[in-house]
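Each chain is listed here by its residues.
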Amino acid sequence: MLKVNLGNTDISVSPVGMGVLPIGPGQLALPLEEGAEIICHAVKRGINFIDTAQYYRTYPYIEKALETLTSSAEESTRRAASDIVICSKSLARDYDGMMTAIREAMTQLHRPFIDIFLMHEVRTGGFEERKGAWQALMDAKAQGLVHAMGISTHHVDVTEEMASVPECDAVFSLINYASMGIRKGSGAATCDEMLAAIRSCRDAGKGVFTMKAFGGGNLTGNYQKSLDYVFSKEEIQSVMIGFGHKSEIDDIIKYLDGTMPADYNPDVSRKKMCISQEDCEGCGSCMKVCASKAIFYNKNGLAEIDQSRCLTCGYCSYACPVRAVIRY
């Protein structure tokens, strides 16, 4: 698989990356060996870009996969392992929290550095509020603990802001053809607005990779339409997709190499709506649009779905301002 350098960095990544969130405790909670094997499968198929985060709690899967790949009897597999690029991120708001997160990733992954480390989920006004964490990233990069730094965001205005921040090497933004989850300030925004912001970052030499091509799984029924949108944009250098099964990796490879039938769509009949308890803020937006009254507040004050009443219409996912509603 051909690789591309992210922006002005010397970090070379595959056009599609593997998001490991789905295999972890927040979603599928796969056994360690099974989750690690899915990562190994992705690497063997040519995917060298791995995305994780401190709060995903998926470092053990990546560490196990790295151990398996590097100890392989096959030279090609060991070579692929040496080419892996790991991106992690943290929600830390201050200097000490971010530095701790960086060292935690290095320790748990047994790596002397992390290729890309991001300030996770920066919202409108959040960059200024988290300047301590940003300083930690700058210091970590100067010390060789991080090779590239940047932010992840769902917000158009934050993406625009990064174009003029010289220390920012990479921007990880949310975009899909349906504009699901794209924000600007306190309101919704469009994919055209986000694409324009991404273009500004690319013009400024930033590396750009994107998330939520399937809107948290809600657009998987329009599989090729979703992929056509993000892969047709020259401003986007790599598309990060969350994989929970080997078959999903095989599907994306078929799409990229042009062997996928034009009418193919994966079977989504067994997928269900779920609310990430780590992302939900308890705002109640999803409840207001749920005609079947399937969503309730649990004992923690967070939204949860009664599967016996859910019609999987997906309206709740469009209403959620923080993309906590997913379908898998």
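Scroll up to find the structure this text is about.
Criteria and thresholds
Residues numbered from 1 in each chain as written. Predicted model: local features only at pLDDT ≥ 70, side-chain atom pairs only at ≥ 80, totals over all residues. Heavy atoms only, no water. Core = buried A, V, L, I, M, F, W, Y, C linked by side-chain atoms within 4.5 Å. Buried < 20%, exposed > 50% of the residue type's maximum accessible area, 1.4 Å probe, protein only. Helix = DSSP H or I, 4+ residues; strand = E, 2+ residues; numbered from the N terminus. Contact = heavy atoms within 4.5 Å. Pairing = 2+ DSSP bridges. Right-handed = clockwise from strand over helix to strand, strands pointing away. 1 Å grid on protein atoms, 1.4 Å probe; cavity = no way out; pocket = protein on both sides within 12 Å on 5 of 7 lines; lining within 4 Å. Points joined across faces, edges and corners; volume = space filled by probe spheres on them. Nonpolar A, V, L, I, M, F, W, Y, C, P; charged D, E, K, R; others polar. Axes fitted to C-alpha atoms, helices over the stretch in contact; angles between N-to-C directions.

**Q** Help me understand the nonpolar core in this model?
**A** Note that soluble globular proteins tend to have their nonpolar side chains buried in a common cluster. Among the nonpolar cores identified, the biggest contains 93 residues, and Met18 and Ile175 are the most heavily contacted of them. Among the elements that take part in this core, helix H4 (residues 95-109) stands out by supplying seven residues, more than any other. In contact with isoleucine 175, other than residues within four places in its own chain, are Ile182, Cys191, Met194, Leu195, Ile198, Thr210, Met211, Lys212, Ala213, Tyr229, Val230 and Ile236. Core analysis: the second largest hydrophobic core is formed by 17 residues, Met273, Ile295, Cys316 and Cys320 among them.

**Q** Help me understand the pairing of strand E6 (residues 114-119) in this model?
**A** A regular strand carries its side chains on alternate faces of the sheet. Within E6, six of the six residues are buried, which leaves it mostly tucked inside the rest of the structure. When strand E5 (residues 85-90) meets E6, the two strands line up parallel, connected through four bridges. If you follow lysine 89 over to E6, its bridge partner there is leucine 118. Read from E5 through H4 to E6, the crossover connection turns out right-handed. With five bridges joining them, E6 and strand E7 (residues 146-153) adopt parallel strand pairing. Bridge pairing links isoleucine 114 to valine 146 in E7.

**Q** What is the right way to look at the layout of surface pockets in this model?
**A** Empty space left among the atoms is revealed by rolling a probe the size of a water molecule over them. Reported here for the largest pocket is a volume of approximately 1100 Å³. Lining the largest pocket are 48 residues, and of these Pro22, Gln27, Gly217, Gly242 and Phe243 lie nearest its centre. Going through the elements one at a time, strand E12 (238-242), helix H10 (246-257) and strand E16 (325-327) are the ones with two or more residues in the lining of the largest pocket. The dominant element in the lining of the largest pocket, judged by the number of residues it contributes, is H10, at four residues. Residues that form the lining of the largest pocket fall into these classes: 20 nonpolar, 15 polar and 13 charged. The volume enclosed by the second largest pocket comes to roughly 160 Å³. Here the residues of the lining of the second largest pocket are counted per class, giving three nonpolar, five polar and four charged.

**Q** Help me out: how do you make sense of the sheet that holds E6 in this one?
**A** As a general point, the strands of a sheet are linked pairwise by backbone hydrogen bonds and lie either parallel or antiparallel. Judged by pairing direction, the barrel is parallel, and its eight strands sit side by side in the order E3-E4-E5-E6-E7-E8-E11-E12 before closing back on the first. Across the sheet, the mean angle separating the axes of adjacent strands is 30 degrees when strand polarity is ignored. As paired elements, strand E4 (residues 49-51) and E5 share three bridges and run parallel to each other. Of the residues in E5, the one forming a bridge with aspartate 51 is cysteine 87. Against the sheet, H4 engages E5, E6 and E7, with an angle of about 145 degrees to E6.

**Q** How do you make sense of the environment of alanine 142 when you look at a structure like this?
**A** By the element assignment, alanine 142 lies in helix H6 (residues 131-142). Alanine 142 sits in the exposed class, given a relative accessible area of 69%. In this structure the C-alpha to C-alpha distance between alanine 142 and cysteine 290, which are 148 residues apart in sequence, comes to 49 Å.

**Q** Which parts of the structure should I look at to understand empty space enclosed by the protein?
**A** With the rule as written, the count across this model stands at one cavity of 30 Å³ or more. In this structure, the largest cavity encloses a volume near 80 Å³. Forming the boundary of the largest cavity are 14 residues, of which Cys280, Cys283, Cys286, Cys320 and Ala324 lie nearest the centre. Taken together, the residues of the lining of the largest cavity sort by class into ten nonpolar, three polar and one charged.

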